[in-house]
Amino acid sequence: MDLRYPIGKYEPQPFSDKQKREWLQDIQFLPGMLESAIENLDEKQLNTPYREGGWNVKQVVHHVADSHMNAYIRMKLCLTENNPTIKPYEEGLWAELNDVKQVPINISITLLYALHTRWHAALLNLPADAWNRTVFHPASKKEMSLYYMLGSYSWHGRHHVAHITSLRDRNGW
């Protein structure tokens with residue numbers, strides 16, 4: 001198994017209401033999944049990288065909060081503007097900032113519960129044509145639909161939960 005991609009890489013899926021509902025549930029339930037993944041880990045374990053050269057568990061948790069805050073804003077821009085250009089960010093540098101090093105991860109878990117409640121509510125019961133709305137990502141130089149982003153961030157949350165749970169499995173935690 002490639003430790004970088006414990007659930008594989010994101011693969012876009014054709015539109016279906018069933019798939020959309022599954023991805024919306026992933027958005028809704030991600031905070032609880034992440035909280036369960038870190039349950040009872042001590043400080044040494046939280047500072048353990050999920051793979052050689054990878055982020056430690058604390059960085060992963062704070063990264064999910066950072067990434068999903070950006071995702072929420074990107075999706076709201078997508079819903080309210082015509083193909084807006086979204087702002088990329090240097091996630092590797094964000095993972096080295098003082099808040100990631102000093103703030104306990106329960107703060108990011110709490111943030112994720114509130115954020116995902118809002119995010120899920122914003123996306124639930126949208127009209128069918130809303131899922132075709134797009135943003136432009138300048139780093140990848142491509143348009144991404146709201147539906148594509150929903151799938152991508154559904155995968156993203158599960159991907160990082162799997163980083164932690166596979167680390168726990170490998171280390172017998």
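Just above, that's the structure.
Every value quoted in this text rests on a predicted model; they were computed, and no experiment measured them. (Residues numbered from 1 in each chain as written. Predicted model: local features only at pLDDT ≥ 70, side-chain atom pairs only at ≥ 80, totals over all residues. Heavy atoms only, no water.)

Focus on the overall build of the protein chain
Right, on to step 1. Counting secondary structure elements, the protein chain contains seven helices and two strands.
Right, on to step 2. Computed over its C-alpha atoms, the radius of gyration of the protein chain comes to 16 Å, within 12% of the 16 Å expected for a compact globule of 173 residues.
Right, on to step 3. By residue count, 46% of the 173 residues in the protein chain fall in the buried class.
Right, on to step 4. Long-range contacts, defined as pairs at least 24 residues apart, comprise 78% of the intrachain contacts of the protein chain with a sequence gap of at least 6.
Right, on to step 5. As presented, the protein chain carries roughly 9400 Å² of accessible surface, and 52% of it is formed by carbon and sulfur atoms.
Right, on to step 6. In the protein chain, which carries 19 positive and 19 negative side-chain charges, the distance between the mean positions of the two groups comes to 3 Å. (Helix = DSSP H or I, 4+ residues; strand = E, 2+ residues; numbered from the N terminus. Rg over C-alpha atoms; globule rule 2.2 N^0.38 Å. Buried < 20%, exposed > 50% of the residue type's maximum accessible area, 1.4 Å probe, protein only. Contact = heavy atoms within 4.5 Å. Areas by Shrake-Rupley, 256 points an atom, 1.4 Å probe, with all protein chains shown as cover. Lys, Arg positive; Asp, Glu negative; His and termini not counted. Charge placed at Lys NZ, Arg CZ, Asp CG, Glu CD.)

Comments concerning the pairing of strand 1 (residues 134-137)
Right, on to step 1. Both strand 1 and strand 2 (residues 142-145) contribute to a ladder of four bridges, which runs antiparallel. Looking at the pairing, Val135 lines up with Met144 of strand 2.
Right, on to step 2. Counted between consecutive antiparallel strands, the loop separating strand 1 from strand 2 contains four residues, among which Lys141 sits at a positive phi close to 55 degrees. (Pairing = 2+ DSSP bridges.)

What to know about the nonpolar core
Right, on to step 1. Core analysis: the largest hydrophobic core is formed by 43 residues, its most contacted members being Leu123 and Ile164.
Right, on to step 2. Only helix 1 (17-38), helix 3 (57-80), helix 6 (105-123) and helix 7 (146-171) provide two or more residues apiece to this core.
Right, on to step 3. Not counting residues up to four positions away in its chain, the partners in contact with Leu123 are Leu24, Met75, Leu79, Trp131, Leu146 and Leu150. (Core = buried A, V, L, I, M, F, W, Y, C linked by side-chain atoms within 4.5 Å.)

Re the side chain of His116
Right, on to step 1. For His116, the position within the fold is in helix 6.
Right, on to step 2. From its side chain, His116 meets the backbone oxygen of Ile27 in a polar contact 2.5 Å long.
Right, on to step 3. Leave out the neighbours within four places in its chain, and His116 touches Ile27, Leu30, Pro31 and His68. (Polar contact = N/O pair within 3.5 Å; in protein donor to acceptor, adjacent residues only side chain to side chain.)

Description of unusual backbone geometry
Right, on to step 1. Here Asn83, not a glycine, exhibits a phi torsion of approximately 45 degrees, which is positive.
Right, on to step 2. By the secondary structure assignment, Asn83 is in the loop between helix 3 and helix 4 (91-94).
Right, on to step 3. Using a relative accessible area of 25% as the deciding quantity, one classes Asn83 as partly exposed.
Right, on to step 4. Although it is not a glycine, Asn125 adopts a positive phi angle of roughly 65 degrees.
Right, on to step 5. If you trace the backbone, Asn125 turns up in the loop between helix 6 and strand 1.

Concerning helix 7
Every α-helical turn comprises 3.6 residues, leaving residues that sit three or four positions apart pointing alike.
Right, on to step 1. End to end, helix 7 covers 38 Å across 26 residues, agreeing with the expected 38 Å (1.5 Å per residue, within 8%).
Right, on to step 2. Within helix 7, 20 of the 26 residues are buried, leaving the element largely enclosed by the surrounding structure.
Right, on to step 3. Positive phi shows up at Gly172, right after helix 7, with a value of about 65 degrees. (Expected span 1.5 Å × (residues − 1).)

Everything listed is a geometric property; what it means functionally is a separate question.
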